[in-house]
Structures are given as structure tokens and as C-alpha cells.
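Given next are the chains, with one letter for each unit.
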Amino acid sequence: MAGTAVSGRRVIWRVGTVVAFHDETATARTITLEIPDWPGHVSGQHVDVRLTAPDGYSAARSYSIASAPNSEGRVEITVERLLDGEVSPYLTQELAVTDRLELRGPIGGWFVWTPRQTEPVQLIAGGSGIVPLMSMIRSRAAVGSTAPFRLLYSVREPGAVFYRDELQLGADHSHCVGITYAYTRVAPKNWPRTPGRIDPALIASATWPSNLAPTCYVCGPTSFVETAAGLLAAAGHSPDKIKTERFGPTGDRK
Amino acid sequence: MSSHAYDYLDGNAAAGELSKIFAVDLTAAEGQCAHCGAKKHFAEAHLYTQAPGIVARCPVCEEVLLRLVSVHHHVFLDMRGMTYLCLDTTQLQESSRE
């Protein structure tokens, strides 16, 4: 736990103003918020968002921060719309620019990456689990870190990939992040791998070997995280080097 | 082994609620399970939220580590499943300097 950089300021509810949207896929939207008294965050942290109805009923959900740390009080979250969701349909369909949102954060000091870390990093995302890992990729790029990064991104189909253009651009740079997509249902034409879940062969070919002692960050639905963390352990990675964050079975965190 | 139904989250998802009580982040804190003796970060605990409150269980033996229930203006916190919890107080020193 040494070396985690976390603000010592108390975590309190704050009010942010929506300043922009960007649709990542047909069902996922990135929301940019401006929060005047935001204390800053570290990549990997999340916020709790609270909606309150006129009758006082309130519901809160956790969303990972997608943006890199910055000093402008800007926070981006990417929200996947769940059909039976209580909060995500509102956030992705009804929320408008200039609307205000209640949020609590930044939260979490364990599933984080800071530019002080120079060791190799293996990122493994399942679906919307890419969000906090994208913050790490963006943070690395923003400070010009040369920490060797690899990303294994398991996703249902090409149309479900978040941040596609930005990931592609980053992959073309020097000191690039090595990216491997693993499609579970539908792959692009002539894709070398048959669609399916991640497996030992994919871990062996697409991730850092354990003798490089990378720090591994695994994020996604619980079943995905258990599978991926198990494969990493079987490939020889120390449990101490595998950090995990689980979403609910539907991608909803509570 | 862990349960087969993946109906749990992890300690990361409890951090927001716990921040109402603790002045420092709990996810990075190391704790020891009072049942099996496993030492893990709180972030690694299995978290069950389909309850009146939240229940954190040991990822190794699945026994209860912590229960947190909010009722009106009171919070009930039961931590008998943990022998100890080691918190990083440098966060507090940072905040007291501000």
C-alpha cells in the first residue's frame, strides 16, 4: 500500500456541472463534468453519483473516472446504459449539458496507477472495465511516462469498443501501449482469433510474461475478473501484483 | 474457493460508504481475517450489496469481515471478522498540513 497517492481531504458530496457529452458506443456515453472544488484524482479511482427524485428517493451508483488527473477540476465518466438500470438510463439519455450532478469522490487508493510507477504494467479490461484503465493510459501519455504498458481488451464485438480512435492513435506512437483486442461474440473479418472468452493461450501471447513482474490491473464484471486473475496467477504472476476491480454481473456496481 | 455465483463485487465498491465513517481510504488498508488468518487489502474483500446494508467477506474463506448498515441517521458497523486493519495515516498528515 506504500506509494499510493491519495488526497487526504475528506471525501464529501459535491456538485458538478455537465459540460460535454461524447457517445462511445450505441449504449455508452462519456459525460464531462466540471467540479469547482474538485481536489484532484489518481487514475483508477471512482466516484459515486447520486440522483434524488422530487419525492426524496435517492439512488447512488459508482462510476470509474475515465479522464487523466488534471488541475482544471474536470472529470469524465463513461456510463453504459443498462436496460433495467435505475440510474444509467437517466445519465445516458436524459441528462443535458449545464445540468448539475451530485457526486462523491475521488474514491479508492488501492486500484490506482501513478506516474511514479516505472515498472511494466499489464492492463486487462472486460467490457466497460476499460474505463479506469483508460485513465491510466491517458495519465501515462499526459506525463510522457515510458513505463511499458500492455492492454488486453476483451469486448463483445467491434462496435462495443470504448475510446476506439484514441486507443488507435496511442498505439501508433512511440513508447506505445501494446493493445490486443479479444472479441467474445463477433470479431472483424479475417480476425486471427475465433471469438471467445480469454484463455491461457491468449494470456501467453498478449500479456507481459511473469518474469518481468508487471503490475496487473484487471477490471470488469466479476466473472471476467475471476477468470482473468486466475489465468494470470496460473501464468506465474504473484497475487501481490494482481490488482482487481469488479463490476456487477451486469456492469452495474450497485 | 470463492462462490460459483458471481453475485459479489469487491471492497472498492464499499469505499464511498465507508468514507462517511473513516477519514482515510480503506481499500488500500491491509486487514487480517479473524477466521482464517488471511492478510489482504480491503479492496480484495468480496462485497455483497443485496442486503439491507453491505457485507464484506474474506476472499479466501468467505467468512464475514465487516457489516455496515445505515438506518436513518445512524450507521451500524460490525468489524468483528477482522483481527486488525492497518491504515495509512500519511493521508491524515497531508490533510492536517493543508
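Our structure's up above, just so we're on the same page.
What counts as what
Residues numbered from 1 in each chain as written. Chains lettered and ligands numbered in written order. Predicted model: local features only at pLDDT ≥ 70, side-chain atom pairs only at ≥ 80, totals over all residues. Helix = DSSP H or I, 4+ residues; strand = E, 2+ residues; numbered from the N terminus. Expected span 1.5 Å × (residues − 1). Buried ≥ 20, exposed ≤ 12 C-beta atoms within 10 Å, placed from the backbone. Core = buried A, V, L, I, M, F, W, Y, C linked by C-beta atoms within 7 Å. Domains from an automatic or database assignment. Contact = placed C-beta atoms within 7 Å. Pairing = 2+ DSSP bridges.

Structural notes on the environment of Ala 51 of chain B
Summarising the element assignment, Ala 51 of chain B is placed in the loop between β4 (46-48) and β5 (54-57). When the C-alpha positions of Ala 51 of chain B and Asp 25 of chain B are compared, they lie 23 Å apart, and in sequence the two are 26 residues distant.

Re helix α2 (residues 130-143) of chain A
Residues and elements named next belong to chain A. In a regular helix each residue adds 1.5 Å, so 14 residues correspond to 20 Å; α2 covers 20 Å between its end C-alpha atoms and thus fits that length. For α2, a buried count of 11 out of 14 residues is recorded, marking the element as mostly surrounded by other parts of the structure. Here α2 has its buried residues at Ile 130, Val 131, Pro 132, Leu 133, Met 134, Ser 135, Met 136, Ile 137, Arg 138, Ser 139 and Arg 140. Taken from the residues just after α2, Gly 144 is the one with a positive phi, measuring 70 degrees.

Some words on the nonpolar core
All names here are of chain A. By size, the foremost hydrophobic cluster in this structure holds 75 residues, and its most contacted members are Leu 123, Leu 133 and Tyr 217. No other element matches α2, which puts six residues into this core. When residues of this core are assigned to domains, at least three map to each of domain 1 (12-107) and domain 2 (121-247). Beyond its immediate chain neighbours, meaning those up to four positions away, Leu 133 contacts Leu 123, Ala 125, Leu 151, Tyr 217 and Cys 219.

What to know about the pairing of strand β4 (residues 58-64) of chain A
The two faces of a sheet get side chains in turn, since along a regular strand they alternate between them. All names here are of chain A. Of the strand pairs in this sheet, strand β3 (residues 46-52) and β4 are connected by seven bridges, and their pairing is antiparallel. Along β4, the bridge assignment pairs Thr 52 with Ser 58. In textbook terms, the turn of a hairpin is the stretch between consecutive antiparallel strands, and for β3 and β4 this stretch comprises five residues, one of which, Gly 56, has a positive phi near 95 degrees.

As far as function goes, none of this settles anything; it's purely spatial.
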